[in-house]
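Per-entry structural report
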Amino acid sequence: MQKKPQSEFAKLPSVDRMLTSDGAPSLVAEFGHAAVVKTTRELLSEIRSAIRDCATPDVTTTTLLAEISSRLATSDMPSLRPVFNLTGTVLHTNLGRAFLPHEAIAEVSAVARGASNLEYDLAAGQRGDRDSHLDDLVCEIIGAEAATVVNNNAAAVMLVLNTLAVGKEVPVSRGELVEIGGSFRIPDIMARSGCRLAEVGTTNRTHLKDFASAIGPETAMVMKVHTSNYIIQGFTKEVPESEIADLCHEHELPFVNDLGSGTLANLEDYGLPHEPTPMDALKNGADVVTFSGDKLLGGPQAGLIVGRKDLIARIKSNPMKRALRCDKMTIAALSAVLRLYRDPARLAERLPVLKSLARPANEIKEVAQEVMPACHKALQGLAEVDVVDCESEIGSGALPTRTIPSCGLAIKLHNNGKSGSGTQLNKLVESFRALPTPVIGRIQDDTLIFDLRCLNDETAFIAQLEKLELKL
Ligand SMILES: *Cc1c(COP(=O)(O)O)cnc(C)c1O
């Protein structure tokens, strides 16, 4: 066995010497004494074992401190941070869904900063109800009799089922037994809410008589689930909501409609395909409607429940409601977003989701032409960058088959031959993900596509491109 290079160990500074050398005090000021000591110990121990393996590392205090500083900076970075969503999917569940309007951000930070009247009635000077900040506002915007809000729409569906149908049967069309992703599957949610699913009809065709024969003494309610993320085409039949509602009402059963996205605006007014609204669902006879706060509504993660007063009152008094309640930041954000709906004329300017969705392709093309040269330069001649037409998706399960004409950049590596072209492209994708604000695009036909529909800060995007490190 080779002799251990004792002289290398001797060169290694002690933790104390590291902490008193130039540059250490500023690290301590930034990250704290304990973190600097811990990282220093870890690094020195790694170096000791490298020396045992006969390495001769550079152990000057300057080099070591630079490494410590870089490690501390990396580990101090928040795990959750902003990215550029250039995937072309506007409401991207993995990328945080709706971006909030600045009005909402301001109101969130105002209530986050200090005390608020979350559960305090300012007029009466006594204990109040946190739901009061939203319920009437939701009713006003939607024209519903009553409303309540919980943490997300999955929670809304569970709470409604558990309140209205625990221990009983709930008929649902076989064509609507959806999986939304992230393990939200109607049959499982039904079971966990304490209800029994009664499957009705077939996958492609469900008739009113199927619902009629599914209703029995054990039935508690009938549920319709919006098939958010797929469509059934061809030989199909779906029973109109109003007919299911009439049938339910003949039997004195509530009809519940889980809309999923449930926009509050008429999307056709903005040149977009129609998506059912909670107003439509109520008009078509639903007694309770559930939908998300952070899909087309354009707000924070939340689940809205609207409908008949007596049913909402029962839902609100379910003890599970307490476990599913929204926090003050959600309430602040949702209230700010809902109040924007009072002025439909300015909504598309003020609500980022709608603004992004309604953004015309020619405007996006101008952005593409503006950022293209910087992108080309950052790629150091390794790739071709073109402005291309592409198609965006709404996302979050809304309108799964309809795309919106958009524009973006297509990045194609010159060295894109058969041998390892996939991995070269993947390395390029990784380089963009490694930027201070990671850039997330999509790959299509061996090309990296950046759909620029959701890029609203070109300056920030261009500014960080000089930090792109290509490791191809
Ligand atoms: C998205 C969706 C849900 C879940 O909503 P979250 O707000 O994500 O919890 C439930 N049902 C349908 C039909 C959906 O589209």
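Fair warning: this is a prediction, and the values are worked out from it, not measured in the lab.

Further remarks concern the overall build of the chain. Counting its regular elements, the chain contains 20 helices and 18 strands. Along the longest, intermediate and shortest principal axes, the C-alpha atoms of the chain span 90 × 60 × 50 Å. Restricting the contact set of the chain to residue pairs at least 6 apart, pairs at least 24 apart contribute 75%. Per element, the accessible surface of the chain, about 23,000 Å² overall, is 51% carbon and sulfur.

Any space left empty among the atoms is revealed by the rolling of a water-sized probe across them. Inspection of every chain in the model, using the stated rule, returns one cavity of 30 Å³ or more. Taken as a whole, the largest cavity encloses approximately 60 Å³ of empty space. Lining the largest cavity, in full, are Arg-130, Asp-131, Leu-134, Asp-135, Val-149, Lys-321, Arg-325, Cys-326 and Ile-331. For the lining of the largest cavity, the residue count by class is four nonpolar, no polar and five charged.

To continue, consider the sheet that holds strand S5 (residues 146-150). Here five strands make up an open sheet; going across it, the order is S5-S13-S12-S11-S10 and the pairing mixed. If you trace the sheet from one side to the other, it starts and ends with S5 and strand S10 (222-225), each paired once. If you compare each strand with its neighbour and ignore which way they point, the axes differ by 15 degrees on average. Alignment of S10 against strand S11 (residues 255-260), held across four bridges, turns out to be parallel.

Okay, the site of the ligand next. Lining the immediate surroundings of the ligand are 13 residues, of which Ala-154, Ser-228, Asp-258, Ser-292 and Lys-295 lie closest. At 2.9 Å, a side-chain N or O of Arg-97 approaches an oxygen atom of the ligand. With the chains in place, 94% of the 380 Å² that the ligand exposes on its own is no longer accessible. Of all the elements in the fold, those that place two or more residues in the shell around the ligand are helix H8 (153-165) and S11.

Domain annotation of the chain identifies domain 1 (6-75), domain 2 (84-93 + 355-467) and domain 3 (102-350). Computed over C-alpha atoms, the centres of domain 2 and domain 3 are 34 Å apart. Opposite the 13 residues of domain 2 that make contact, domain 3 presents 16 residues. Between domain 2 and domain 3, the buried area comes to about 1,200 Å², and carbon and sulfur atoms account for 70% of it. Our count for the contact surface shared by domain 2 and domain 3 stands at one salt bridge. Linking Glu-349 and Lys-355 is a salt bridge whose minimum nitrogen-to-oxygen distance equals 3.6 Å. The interface formed by domain 2 and domain 3 includes zero residue pairs in polar contact (both at pLDDT 80 or more). Counting only elements with at least two residues in the side of domain 2 that touches domain 3, the list comes to helix H17 (352-358) and strand S15 (398-413).

As for its position among the elements, Ser-392 is in strand S14 (residues 383-395). Judged by relative accessible area, Ser-392 falls into the buried class, the value being 0%. In contact with Ser-392, other than residues within four places in its own chain, are Gly-88, Thr-403, Ile-404, Ser-406, Asp-451 and Arg-453.

What follows is about the packing of helix H3 (residues 24-31) against helix H5 (residues 61-75). Relative orientation of the contacting elements H3 and H5 amounts to 10 degrees, with a least axis distance of 11 Å. Classified by the angle between their axes, H3 and H5 sit roughly parallel to one another. In this structure, H3 contributes Ala-24, Leu-27 and Phe-31 to the contact, and H5 contributes Leu-65, Ile-68, Ser-69, Leu-72 and Ala-73. For the contact of H3 with H5, the class distribution of residues is seven nonpolar, one polar and no charged.

Should the charged atoms of two oppositely charged side chains come close, the side chains can pair. Tallied over the entire structure, the rule returns 26 salt bridges. The residue Lys-321 makes a salt bridge to Asp-131 at a minimum N-O spacing of 3.1 Å. Note that Lys-321 is positioned in helix H14 (residues 320-323) and Asp-131 in the loop between strand S4 (126-127) and helix H7 (135-142), a separation of 190 residues in sequence. Here Lys-321 matches Asp-131 in class, with each residue buried. Here the residues in one salt-bridge network are Glu-119, Arg-127, Arg-130 and Arg-325, joined through shared partners.

The next point concerns the state of the cysteines. Per the stated rule, a full pass over the model turns up zero disulfides. There is no disulfide at Cys-248, and the cysteine sulfur nearest it, in Cys-195, is 15 Å away. Summary of cysteine pairing: Cys-407 is not part of a disulfide, and the nearest cysteine sulfur, belonging to Cys-390, is at 6.3 Å. According to the relative accessible area criterion, Cys-407 is buried, its value standing at 0%.

For the rest of this paragraph, the subject is H7. Most of H7 sits out of view: six of its eight residues are buried. For H7, the complete set of buried residues consists of Asp-135, Leu-137, Val-138, Cys-139, Ile-141 and Ile-142. Positioned one or two residues after H7, Gly-143 has a phi angle of 75 degrees, which is positive.

Reading guide: rules and limits
Residues numbered from 1 in each chain as written. Predicted model: local features only at pLDDT ≥ 70, side-chain atom pairs only at ≥ 80, totals over all residues. Heavy atoms only, no water. Helix = DSSP H or I, 4+ residues; strand = E, 2+ residues; numbered from the N terminus. Contact = heavy atoms within 4.5 Å. Areas by Shrake-Rupley, 256 points an atom, 1.4 Å probe, with all protein chains shown as cover. 1 Å grid on protein atoms, 1.4 Å probe; cavity = no way out; pocket = protein on both sides within 12 Å on 5 of 7 lines; lining within 4 Å. Points joined across faces, edges and corners; volume = space filled by probe spheres on them. Nonpolar A, V, L, I, M, F, W, Y, C, P; charged D, E, K, R; others polar. Pairing = 2+ DSSP bridges. Axes fitted to C-alpha atoms, helices over the stretch in contact; angles between N-to-C directions. Near = heavy atom within 4 Å. Polar contact = N/O pair within 3.5 Å; in protein donor to acceptor, adjacent residues only side chain to side chain. Domains from an automatic or database assignment. Buried area = accessible area lost by both parts, 1.4 Å probe. Salt bridge = Lys/Arg side-chain N within 4 Å of Asp/Glu carboxyl O. Buried < 20%, exposed > 50% of the residue type's maximum accessible area, 1.4 Å probe, protein only. Parallel < 35°, antiparallel > 145°, perpendicular 65-115°, else oblique. Disulfide = S-S within 2.5 Å.

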